[in-house]
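# Notes for the structure review
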Amino acid sequence: MKNSTYLRISKNNFKVTWCVIFLFTVFCQTLLAQNYRNAKAYIVDFGRNELFVKEALMEYSASIVNADLEGRVSDNLVRLYQKLETINANLLKNDRGINGDLDLRNAFMKLNLETIYLLKNKSLKLNDYKFQSALDYSEIMSNFDYKESAIKKYYTEILNYENKKKEFGLKYKIQIRYFNKKNVFEYDAYQSFIYYRLNVLDEKFTELLKSTNSEAATKCMNYITLIGQESLLRTDTYRNDFADTSLNDANIEFINFMMAQKEKILPLFNNYITTSTNFYSIKQKSEDNKNTISDEEYNTEVRKFNKAKNDFFDALLKVQTEKQNLLLKWQVTNSNFLKHNIEFENLYEKFTKTN
């Protein structure tokens, strides 16, 4: 499609996904080596040091919610996992537990190690659309499965840690704050994963619209439809998780828009490729004096080709513009959802419950 101009969608504004946001649920501390007189004193210090690091986590999350520059987000990410490494080193050296009981410390360190691993290898990165879209479909689908299993595994680790806190509290008759259900971060992770999968496939579809391979574009759109239909089923299961359904509604709108390209773009693209192929074949034969097509017939083919070309590119420009607006709308909705539904400050203001 020589001399064609595309309005490309910029998706870089959607920064690191849930693997960044979930850091709110990681609570860090640097306990000093000392012998605690009782479990309550140990727990109070444990909670106090969690709150000490919370400010850094809140600052980092703000850079995500406010869609700061990717470089700044990445710098904060490095500082966070380095802090987690330092905290684990300090815990290992200084935390003697209560009467030698290290169960709570070990559970927390295990969760930290899992978080550090995920941050370092970027296995849960959810904005690598271009890289993923260049892979074949089997690799793309395999990576989708891996990332989804990593989400489940990580939140299972978080619940394991929360259960350890509960068990520690019961053992020493202390009420420790904990949660045992899907929280806002996990919910946001699964919603973001829906958004991610469709963006990867749409990136591939957009690239294929630069080619002359209508069969490949059709195949990609079939995958978008398949993932879209599956995603709609998922939004049904998420509908009642939160009273605020704005993010779920945004995903439904996004899914339907992506699937609608099958009717809005694909037929026009296929017609443009077919008409283009026919036209250039006739043109080549005419230039080689291998046929006797009249000027009137030739001009008819030119008009047919120009119409097919204009119809396709006009529709593409409109869809890509609408898509850009929808992507920005989704990002704003996601940010607002987190701002309005995070209960971090209130829920974890104190490590232990007041009687």
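The structure contained in this document is the topic of the report that follows. These numbers were taken from a predicted model, which means no experiment stands behind them.

### Remarks on the packing of helix α7 (residues 184-208) against helix α11 (residues 295-341)
Where α7 meets α11, the closest approach of the two axes is 11 Å, and the angle between their N-to-C directions is 170°. What the angle tells us is that α7 and α11 run roughly antiparallel. Considering the relative orientation of α7 and α11, their crossing is left-handed. Here α7 contributes Val184, Tyr187, Asp188, Gln191, Ser192, Tyr195, Asn199, Asp202 and Thr206 to the contact with α11, which in turn contributes Gln320, Lys323, Leu327, Trp330, Gln331, Asn334, Phe337, Leu338 and Asn341. Its residues assigned to classes, the contact of α7 with α11 comprises 7 nonpolar, 8 polar and 3 charged.

### Points about the nonpolar core
The biggest cluster of nonpolar side chains holds 74 residues, and the ones touching the most others in it are Phe205, Ile265 and Phe312. The leading source of residues in this core is α7, at 14 residues. Here Phe205 is in contact with Ala217, Cys220, Met221, Ile224, Gln261, Ile265 and Leu266, once residues within four sequence places are set aside. One finds Leu77, Tyr81, Leu84 and Leu119 within the second-largest nonpolar core, a separate group that totals 5 residues.

### Comments concerning the side chain of Thr333
With respect to the element layout, Thr333 can be found in helix α11. Residue Thr333 is classed as buried on the basis of its relative accessible area of 16%. When neighbours within four sequence positions are excluded, Thr333 is seen to be in contact with Ser246, Leu247 and Ala250.

### Concerning the packing of aromatic side chains
Considering all chains together, one arrives at 24 aromatic pairs under this definition. Seen in terms of ring centroids, Phe279 and Tyr298 are 6.0 Å apart; in terms of plane orientation they differ by 40°. Their pairing is tilted. Residue Phe279 is found in helix α10 (residues 266-287), and its partner Tyr298 is found in helix α11; the two are separated by 19 residues along the sequence. Assessed through its relative accessible area of 6%, Phe279 is described here as buried. With 4.9 Å between their ring centres and 10° between their planes, Phe279 and Phe305 make a pair best called stacked. Here the residue Phe279 occupies a position in helix α10, and Phe305 occupies one in helix α11, the gap between them amounting to 26 residues. Chaining the aromatic ring pairs together yields one cluster made of Phe269, Tyr272, Phe279, Tyr280, Tyr298, Phe305, Phe312 and Phe313. Over the ring of Tyr137 we find Lys204, and its NZ or CZ is 5.2 Å from the ring centre.

### Overview of the pattern of salt bridges
The full count for this structure, using the stated rule, is 17 salt bridges. A salt bridge links Glu207 to Lys210, with the nearest nitrogen and oxygen atoms 3.7 Å apart. A salt bridge links Asp311 to Lys307; the shortest N-O distance between them is 2.7 Å. Placement of the pair is Asp311 and Lys307 together in helix α11, with a separation of 4 residues, close to one helical turn. Using a relative accessible area of 30% as the deciding quantity, one classes Asp311 as partly exposed. Its relative accessible area of 52% is what places Lys307 among the exposed residues.

Reading guide: rules and limits
- Residues numbered from 1 in each chain as written.
- Predicted model: local features only at pLDDT ≥ 70, side-chain atom pairs only at ≥ 80, totals over all residues.
- Heavy atoms only, no water.
- Axes fitted to C-alpha atoms, helices over the stretch in contact; angles between N-to-C directions.
- Helix = DSSP H or I, 4+ residues; strand = E, 2+ residues; numbered from the N terminus.
- Parallel < 35°, antiparallel > 145°, perpendicular 65-115°, else oblique.
- Left-handed = near helix turned anticlockwise from the far one by under 90°.
- Contact = heavy atoms within 4.5 Å.
- Nonpolar A, V, L, I, M, F, W, Y, C, P; charged D, E, K, R; others polar.
- Core = buried A, V, L, I, M, F, W, Y, C linked by side-chain atoms within 4.5 Å.
- Buried < 20%, exposed > 50% of the residue type's maximum accessible area, 1.4 Å probe, protein only.
- Phe/Tyr/Trp six-rings, centres within 6.5 Å; stacked < 30°, edge-to-face > 60°.
- Lys NZ or Arg CZ within 6 Å of the ring centre and 35° of its normal.
- Salt bridge = Lys/Arg side-chain N within 4 Å of Asp/Glu carboxyl O.

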